[in-house]
Amino acid sequence: TTQNFFLTAPPVATARKIRIVAYGDCGNNSSNQVNVKNAYRTYVGNNATDLWLLLGDNAYNAGLDAEYQSNFFNVYKADLLKNIMLFPTPGNHDYANDATRQDDHNIPYLANFTLPKNGECGGVASGKEEYYSFDYGDIHFICLDSYGEENNKRFYDTTSAQILWLKSDLAANQRKWTIVFWHHPPYTMGSHNSDTESELVSVRMNLNRILERFGVDLVLNGHSHDYERSYLINDHFGLENTFSFATNAVSNSSAKYDGTANSCPYLTTSAKVKHGTVYVVAGSAGQLGGTQASFPHAAMYYSNATTGGSLVLEVQGNRLDAKFVAADNTIKDQFTIEKDVNKTSSVSLTAGQSTDLVASWIGNYSWSTGATTQSITISPAAGNYDYFVNDNANAASRCLADTFHVTVLPAGGFATLSNTTSSGVSLKVYPNPAYNSNVQLSISSSIKQQVTYIIKDVSGRMISSQKITVNKGVTDRSIHLATGVYFIDAIDEHGERSTQKLIVK
């Protein structure tokens with residue numbers, strides 16, 4: 001039928017959106033399992049799904065072949081299994097919670113799925129279908145086995161064969177995004193307790209250090225039958241009460257990126273360095289409910305133990321959007337990660353040449369020229385120019401900003417450009433330091449002209465940008481700024497600038 005298809009993996013440099021859905025603890029043949037599936041199908045509509053991740057406990061209660069048939073294949077065979085590439089991880093129920101199966105791995109899970117143990121889909125060959133890695137576009141995925149044993153060692157033993165393979169795989173990874181998934185979570189106060197359950201403590205204390213050191217972006221788990229999503233965090237390996245925003249939160253933003261207060265995306269880098277990781281428990285695609293006394297966990301921005309759902313990831317270029325699509329057809333949580341943005345670039349041209357300036361993110365755009373596209377084409381006369389782009393025309397809602405310093409030489413390119421023009425401006429800011437929010441800008445100009453003044457904080461993030469008409473002589477302007485350190489530029493019609501540093505106490 002027309003439903004029977006799958007998408008082939010795109011090239012690394014694909015410009016299209018890649019869509020992934022993750023189900024944890026799904027296979028219990030419950031009404032919640034069906035409702036979660038139907039809610040996702042409603043959400044995705046006619047759009048294709050590239051990948052489906054299973055986060056363990058895929059067939060209750062003991063991962064028997066008959067349970068796989070009744071609780072997994074029968075539920076999904078008419079829709080999701082027809083056209084989505086599936087990559088699972090085993091949970092404790094897939095091993096029947098049995099110590100013998102934990103050692104001999106004689107489980108139906110391995111008969112029901114064929115997985116890329118030999119590096120067929122990218123990554124370093126593990127030789128094991130229980131744990132493996134693969135590439136899809138510019139994303140590297142790593143699946144770990146958190147319950148099985150090899151030589152009496154679990155995966156959180158840093159001398160285990162699995163962790164030795166993991167380290168080599170992470171070291172070889174060159175993809176922009178790295179997503180790791182397994183069953184047992186390092187942070188949860190849902191139906192399981194990551195402070196008191198020794199295997200969860202061991203994961204947090206041993207495994208997290210490795211993942212964060214190699215710049216893993218996102219960790220997905222199940223096991224707890226709820227949804228829990230952390231802030232962008234690192235270096236938290238202790239009990240819940242040792243979590244500190246000052247020490248462990250790279251950003252305390254909600255990262256919802258929806259225009260609400262404190263909702264800017266989490267900003268990271270493609271470099272494989274410790275830049276913060278988001279941890280998500282998405283274990284309510286079938287089983288649902290149960291909380292500990294301290295629920296929600298202190299490291300979590302959002303937690304939900306009453307409504308089942310699935311986690312949807314949409315990755316395009318250097319932007320990742322995640323949404324918790326709940327069984328009641330609502331999006332209960334969302335977050336965005338952007339990589340390698342907020343850039344300052346220098347561009348050199350010769351008069352008569354044109355070039356494209358391209359914003360470093362995918363989203364909305366507001367250029368200093370008035371354009372609203374991701375890129376603009378410029379061909380200015382000889383001189384020095386600055387072009388600016390941010391992600392929102394509303395200054396209060398801006399999160400991203402790029403600056404382009406453009407130098408244009410006269411035709412031939414040998415003349416020396418003057419640093420001043422007859423219409424140049426000078427800027428004074430007073431009082432400085434200011435001891436309240438009221439600050440005066442004094443802009444001096446030799447002619448009547450349009451001048452743009454731009455205010456940035458010490459991180460280079462644009463606070464505001466405004467174009468005004470100044471008269472010949474001195475034009476004063478009042479502004480209001482919160483406590484902090486700022487850099488203020490006044491830029492004339494020729495791109496000449498005058499900059500002042502301002503301290504507001």
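Up top is the structure.
Residues numbered from 1 in each chain as written. Predicted model: local features only at pLDDT ≥ 70, side-chain atom pairs only at ≥ 80, totals over all residues. Heavy atoms only, no water.

Draft legend 1. Region of the structure containing the pattern of salt bridges. Throughout the structure, instances matching the rule amount to 15 salt bridges. Between lysine 339 and aspartate 217 there is a salt bridge whose closest N-O contact spans 2.7 Å. Taken together, the residues lysine 339 in strand E16 (residues 331–339) and aspartate 217 in the loop between helix H7 (198–213) and strand E7 (218–221) connect sequence positions 122 residues apart. No difference in accessibility class separates lysine 339 from aspartate 217, as the two residues are buried. Across the salt bridge formed by arginine 229 and aspartate 333, the nearest N and O atoms sit 2.9 Å from each other. One end of the pair, arginine 229, is in strand E8 (residues 227–230); the other, aspartate 333, is in strand E16, with 104 residues separating them in the sequence. (Salt bridge = Lys/Arg side-chain N within 4 Å of Asp/Glu carboxyl O. Helix = DSSP H or I, 4+ residues; strand = E, 2+ residues; numbered from the N terminus. Buried < 20%, exposed > 50% of the residue type's maximum accessible area, 1.4 Å probe, protein only.)

Draft legend 2. Region of interest: empty space enclosed by the protein. This structure, assessed with the given rule, holds one cavity of 30 Å³ or more. In this model, the largest cavity occupies a volume close to 50 Å³. Forming the walls of the largest cavity are His105, Tyr131, Asp145, Gly148, Glu149, Glu150, Lys153, Arg154, Phe155, Ser160, Ala161 and Gln162. Partitioning the lining of the largest cavity into residue classes produces three nonpolar, four polar and five charged. (1 Å grid on protein atoms, 1.4 Å probe; cavity = no way out; pocket = protein on both sides within 12 Å on 5 of 7 lines; lining within 4 Å. Points joined across faces, edges and corners; volume = space filled by probe spheres on them. Nonpolar A, V, L, I, M, F, W, Y, C, P; charged D, E, K, R; others polar.)

Draft legend 3. Quick peek at the state of the cysteines. Tallied over the full model, the rule gives one disulfide. Here cysteine 264 pairs with cysteine 399 through a disulfide, and the sulfurs are 2.1 Å apart. Between cysteine 264 and cysteine 399, the S-S torsion sits near -80°, and that sign places the bridge as left-handed. Remark: cysteine 399 occurs in the loop between strand E21 (383–390) and strand E22 (401–409) and cysteine 264 occurs in the loop between strand E10 (249–251) and strand E11 (266–268); sequence separation between them is 135 residues. (Disulfide = S-S within 2.5 Å.)

Draft legend 4. Up close: the packing of aromatic side chains. Going through the model one piece at a time under the given rule, you end up with 30 aromatic pairs. For the ring pair tyrosine 68 and phenylalanine 73, a centre distance of 6.2 Å and an interplane angle of 40° mean the geometry is tilted. For tyrosine 68, a relative accessible area of 0% translates into the label buried. One aromatic cluster in this structure is built from Tyr23, Trp52, Tyr68, Phe72, Phe73, Tyr76, Tyr109 and Phe113. The cationic tip of arginine 209 hangs over the ring face of phenylalanine 237; the distance from NZ or CZ to the ring centre is 4.0 Å. (Phe/Tyr/Trp six-rings, centres within 6.5 Å; stacked < 30°, edge-to-face > 60°. Lys NZ or Arg CZ within 6 Å of the ring centre and 35° of its normal.)

Draft legend 5. Examining the sheet that holds strand E29 (residues 497–504) more closely. With respect to topology, four strands assemble into an open sheet ordered E26-E25-E28-E29, the strand pairing being antiparallel. The open sheet has two edge strands, strand E26 (462–470) and E29, and neither has a second partner. Taking each pair of neighbouring strands and ignoring which way they run, the sheet shows an average axis angle of 20°. As paired elements, strand E25 (residues 449–457) and E26 share eight bridges and run antiparallel to each other. Bridged to isoleucine 455 within E26 is serine 464. (Pairing = 2+ DSSP bridges. Axes fitted to C-alpha atoms, helices over the stretch in contact; angles between N-to-C directions.)

Draft legend 6. Fine view of the layout of surface pockets. Estimates place the volume of the largest pocket at around 450 Å³. Along its surface, the largest pocket is lined by 23 residues, and Ser368, Thr369, Asp386, Thr452 and Lys467 are the ones closest to its centre. Among the elements of the structure, strand E19 (366–367), E21, E25 and E26 are those that each provide at least two residues to the lining of the largest pocket. In terms of residues, the lining of the largest pocket owes the most to one element, E21, which gives five residues. A class-by-class count of the residues in the lining of the largest pocket yields eight nonpolar, ten polar and five charged.

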